[in-house]
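Observations on the three-dimensional arrangement
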Amino acid sequence: MGGRIVLLDDVTASRIAAGEVVERPASAVKELVENAIDAGASHITVILEEGGKRRIEVSDDGCGMDAEDAILAVQRHATSKIRSADDLERVKTLGFRGEALPSIASVSHFTLITKAKNSPVATELTIHGGVLEKLTDRTGRDGTTVIVEDLFYNTPARLKFLKTTATELTRCVESVSMLAAAHPSIVVRVVHNGQELLSTPGTGDLVGVLANIWGRAVARKLVSISEEEPHLRVDGYVGTPEASRPGRTHQLFVVSGRPVRSRVLAHAVEQAFRDITPEARYPICCIHMQMDPEQVDVNVHPAKLEVKFRNESEVHAILGRAVRRALVRHGLLPEVRSAGLTPGGAWQVPRRDSGSTVQAVTTSLAAFGRTPASATAESLFDDDRLALGGAEQTGDAAVLADMLRDFRVLGQANNTYIVAATEQGLVLVDQHVAHERVLYERLLTKQTEHGVSSQRLAVPLTVSFGAAEFALVSRRLDDFRAAGWELEPFGGRALVVRAVPSLLRQGQQEAVLRDMVDELVHQTVARRLVVDRDQVTIAHACRMAVKAGDALSVEEMTGLLRQLAETRNPHFCPHGRPAAVLVPYSEIDRRFKR
């Protein structure tokens, strides 16, 4: 019979392909900026309207194209980057599939203006929804300008999944920032609704680029790294431990000029920092790796964001060694003696076990006997039944609250967990989670009843931010004011702080503000959440709370547990992390075979 299977027309096929290549405005921006870099541009300007949803314009001074190449460029699978399948083993350009321009053109009102350096005139090409409408000659400068208007206007299913203008703008700025950091010799500008958000110097100075992306305060805390092996060279910067962040938003990895996401590379850096960075904190870094193209596969992800290394363990070892040597050079890690080297030359750095030995800090623990040095907190219990959790129910909360009202603090484990004896058993309380819950509910009450009290600074504090951070804070000034912060724009990407919450200790204002903003940016980018007032309050409480590693007195621990017992939900912090774990006496008796 036949007739049930048909070939799709080119327009429909292009719109389907666009779903893989162009997910949102940031995807289009990334592809267009990559094309400009591949064209040898020294200046690239990105102009956005409504976060790129209304208009995207990317201009460059690269090699440009003549009319014939311009027409081919908007055809599917037409590319100047490779000639055969064998070339995929040696890709040195950012683009190579020939899908970006036709995919973008199929779901937008698309204009391409380009002029090769030896062409007498420029070519202007207009496409609406994948259909070529106009091809004309015109005057123009050397290079290429691509204008994308009303992205996804003809694919309403994709259009409705776009986020707010603020969220889409953050994604666009992040995409351009990564490419700017990958190519510091190129001048890169981003302008949104007439306001310049990013401008890199183009001098080849990576620190100068990172100062524009992350802010000068972060750039001052960078440590250079360098390592060279026969097939791999590592250069770049890592931040000092005090510059660590609550998320991975400040980790950039560049492989042969291509910004990538890589668990292998992230793990290598984080493992090198393990002994000097607190739990739940991540080092910042911008790592450039140059390697033989045949040692890395770039054709494993539709958006070309991921790569696969031929020898992952070797890459991991080289990067980890480069980071550790940089930390040793700058006095941030104890130097490893030659005796600490393995036969293969790998560096052996002392590492914390994820379950640290429970250390007694008061003589009260002596009654339970001394714990062998090899024992870990996990060895006491290995069953989820021991965790105090579950839904936020009044009955459950009352049980834990009653238990916490009848306790005796025994001490502190690893300067992180409060160990207390109760009638039911031993309770281990995460001091940061507990304090965060207490502060969060206190802030909510103050906001609802009277507003968070502020304290004006005798000398206002000026704080500069990176592009994405400044954009977020500028939109949420009222929410920060509700949390006790009085912030005002101060030119460029700087804010002046005139008042801070009265709960803050002297000297911690800037550190708390920066951590709050970084966590909120991490939510909008990594977790794909829209920041609201409650998220500002959560971030505020988290940054003000005591940290893992802070030594507390018995009086301070006792007071904290009493305050936790009075909260509405003592089980969890606002992020959902558990506050307490119970080890019942019956379980301890069973383990001791009593």
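1. Considering the overall build of the protein
Counting its regular elements, the protein contains 18 helices and 22 strands. A burial count over the protein gives 52% of its 594 residues as buried. Of the contacts formed within the protein by residues at least 6 apart in sequence, a portion of 70% connects residues at least 24 apart. In the structure as shown, the protein presents an accessible area of about 28,200 Å², 50% of it carried by carbon and sulfur atoms.

2. Some points on the pattern of salt bridges
Applying the stated criterion across every chain yields a total of 28 salt bridges. A salt bridge links R325 to E227, with the nearest nitrogen and oxygen atoms 2.8 Å apart. Linking R325 in helix α10 (residues 312-329) with E227 in strand β9 (residues 222-229), this pair joins segments that are 98 residues apart in sequence. The salt bridge involving R591 is made with E587; its shortest N-O contact spans 3.0 Å. Pair noted here: R591 and E587 are both in helix α18 (residues 585-591), with a separation of four residues, about one helical turn. Owing to a relative accessible area of 10%, E587 belongs among the buried residues under this scheme. When salt bridges with common partners are traced through the structure, they connect R54, R55, E57, E149 and D150 into a single cluster.

3. As for the sheet that holds strand β10 (residues 232-239)
Strand order in this open sheet of five strands is β9-β10-β13-β11-β12, and the pairing throughout is mixed. Strand pairing shows two members of the sheet lacking a second neighbour, β9 and β12 (258-260), which therefore form its edges. Neighbour to neighbour, the strand axes of the sheet diverge by 20° on average, direction disregarded. Pairing geometry for β9 and β10, over eight bridges, is antiparallel. Residue pairing across strands places E228 opposite R233, the latter belonging to β10. Along the sheet face, helix α7 (residues 206-214) touches β9, β10, β11 (251-255) and β13 (285-291) and points at about 140° away from the line of β13. Across the sheet, helix α9 (residues 263-272) touches β11 and β13, and the angle it forms with β11 is around 125°.

4. Side note on the sheet that holds strand β5 (residues 131-138)
Strand order across the open sheet formed by eight strands is β5-β4-β3-β6-β2-β1-β7-β8, with mixed pairing between neighbours. Taken across any chain shown, the strands that pair with only one partner, and hence form the sheet edges, are β5 and β8 (195-199). Between one strand axis and the next, the sheet turns by 10° as a mean value, whatever way the strands run. Helix-sheet contacts for helix α6 (residues 165-182) involve β1 (43-49), β7 (187-192) and β8, and the interaxial angle to β7 is about 175°.

5. So, the nonpolar core
Looking at soluble globular proteins, one finds that nonpolar side chains tend to be buried together. Ranked by size, the top nonpolar core spans 58 residues in total, and within it V33, I44, V46 and F110 carry the most contacts. Of all the elements, α6 adds the most residues to this core, at eight residues. Sequence-distant contacts of V33, defined by excluding residues within four places in its chain, comprise I44, V46, V58, V176 and L179. Formed by 32 residues, the second largest nonpolar core is a distinct cluster that contains V463, A468, A483 and V500.

6. A short note on the packing of α6 against α7
At a minimum axis distance of 9 Å, the contact between α6 and α7 shows a crossing angle of 165°. Relative to α7, the element α6 lies roughly antiparallel. Crossing of α6 against α7: the hand is left-handed. Each of S177, A180 and A181 in α6 lies in contact with α7, whose residues at this interface are L206, V209, L210 and I213.

7. Quick word on empty space enclosed by the protein
Inspection of the entire model under this criterion finds four cavities of 30 Å³ or more. A volume near 230 Å³ is recorded for the largest cavity. Breaking the lining of the largest cavity down by element, the ones donating at least two residues are α6, α7, α13 (467-475) and α15 (509-525). Considering each element in turn, the lining of the largest cavity owes the most residues, five residues, to α6.

8. Observations regarding the environment of A70
Among the secondary structure elements, A70 is positioned in helix α3 (residues 67-73). With a relative accessible area of 0%, A70 lands in the buried category. Residues A70 and T123, spaced 53 residues apart in sequence, show a C-alpha to C-alpha distance of 7.5 Å. With residues up to four places along the chain from it excluded, the contact list for A70 reads M65, L112, T114, T123 and L125.

9. Quick word on unusual backbone geometry
We note that E50 has phi near 55°; this positive angle belongs to a residue other than glycine. Relative to the helices and strands, E50 resides in the loop between β1 and β2 (55-60). You will see that F152, though not glycine, has its phi angle at about 70°, which is positive. The exposure class of F152 is buried, given its relative accessible area of 2%.

10. Quick word on the side chain of T114
Considering the arrangement of structural elements, one finds T114 in strand β3 (residues 109-115). Here G143 takes part through its backbone oxygen, which lies 3.4 Å from a polar atom of the side chain of T114. Here T114 is in contact with G64, M65, A70, A122, T123, G143 and T144, once residues within four sequence places are set aside.

11. Focus: the confidence of the model for the protein
Here the protein averages 79 in pLDDT, and 75% of its residues register 70 or above. Contacts for the low-pLDDT stretch residues 81-91, under 50 throughout, to residues beyond four places or in other chains number 20 contacts. In this model residues 334-398 is a low-confidence stretch, pLDDT under 50, and it forms 80 contacts with partners more than four residues away in sequence or in other chains.

12. Notes on the packing of aromatic side chains
Taken as a whole, this structure holds zero aromatic pairs when the rule is applied. Taking the ring centre of F152 as reference, the NZ or CZ of R158 above it sits at 5.7 Å. A cation sits over an aromatic face here: R514 above F465, 5.4 Å from the ring centre.

13. So, α9
Within α9, seven of the 10 residues are buried, leaving the element largely enclosed by the surrounding structure. At its buried positions, α9 is contacted by β11, β13, β15 (308-309) and α10. Structurally, the start of α9 carries an N-cap: the backbone nitrogen of V264 is 3.4 Å from a side-chain oxygen of S262.

Rules and cut-offs
- Residues numbered from 1 in each chain as written.
- Predicted model: local features only at pLDDT ≥ 70, side-chain atom pairs only at ≥ 80, totals over all residues.
- Heavy atoms only, no water.
- Helix = DSSP H or I, 4+ residues; strand = E, 2+ residues; numbered from the N terminus.
- Buried < 20%, exposed > 50% of the residue type's maximum accessible area, 1.4 Å probe, protein only.
- Contact = heavy atoms within 4.5 Å.
- Areas by Shrake-Rupley, 256 points an atom, 1.4 Å probe, with all protein chains shown as cover.
- Salt bridge = Lys/Arg side-chain N within 4 Å of Asp/Glu carboxyl O.
- Pairing = 2+ DSSP bridges.
- Axes fitted to C-alpha atoms, helices over the stretch in contact; angles between N-to-C directions.
- Core = buried A, V, L, I, M, F, W, Y, C linked by side-chain atoms within 4.5 Å.
- Parallel < 35°, antiparallel > 145°, perpendicular 65-115°, else oblique.
- Left-handed = near helix turned anticlockwise from the far one by under 90°.
- 1 Å grid on protein atoms, 1.4 Å probe; cavity = no way out; pocket = protein on both sides within 12 Å on 5 of 7 lines; lining within 4 Å.
- Points joined across faces, edges and corners; volume = space filled by probe spheres on them.
- Polar contact = N/O pair within 3.5 Å; in protein donor to acceptor, adjacent residues only side chain to side chain.
- pLDDT = per-residue confidence, 0-100.
- Phe/Tyr/Trp six-rings, centres within 6.5 Å; stacked < 30°, edge-to-face > 60°.
- Lys NZ or Arg CZ within 6 Å of the ring centre and 35° of its normal.

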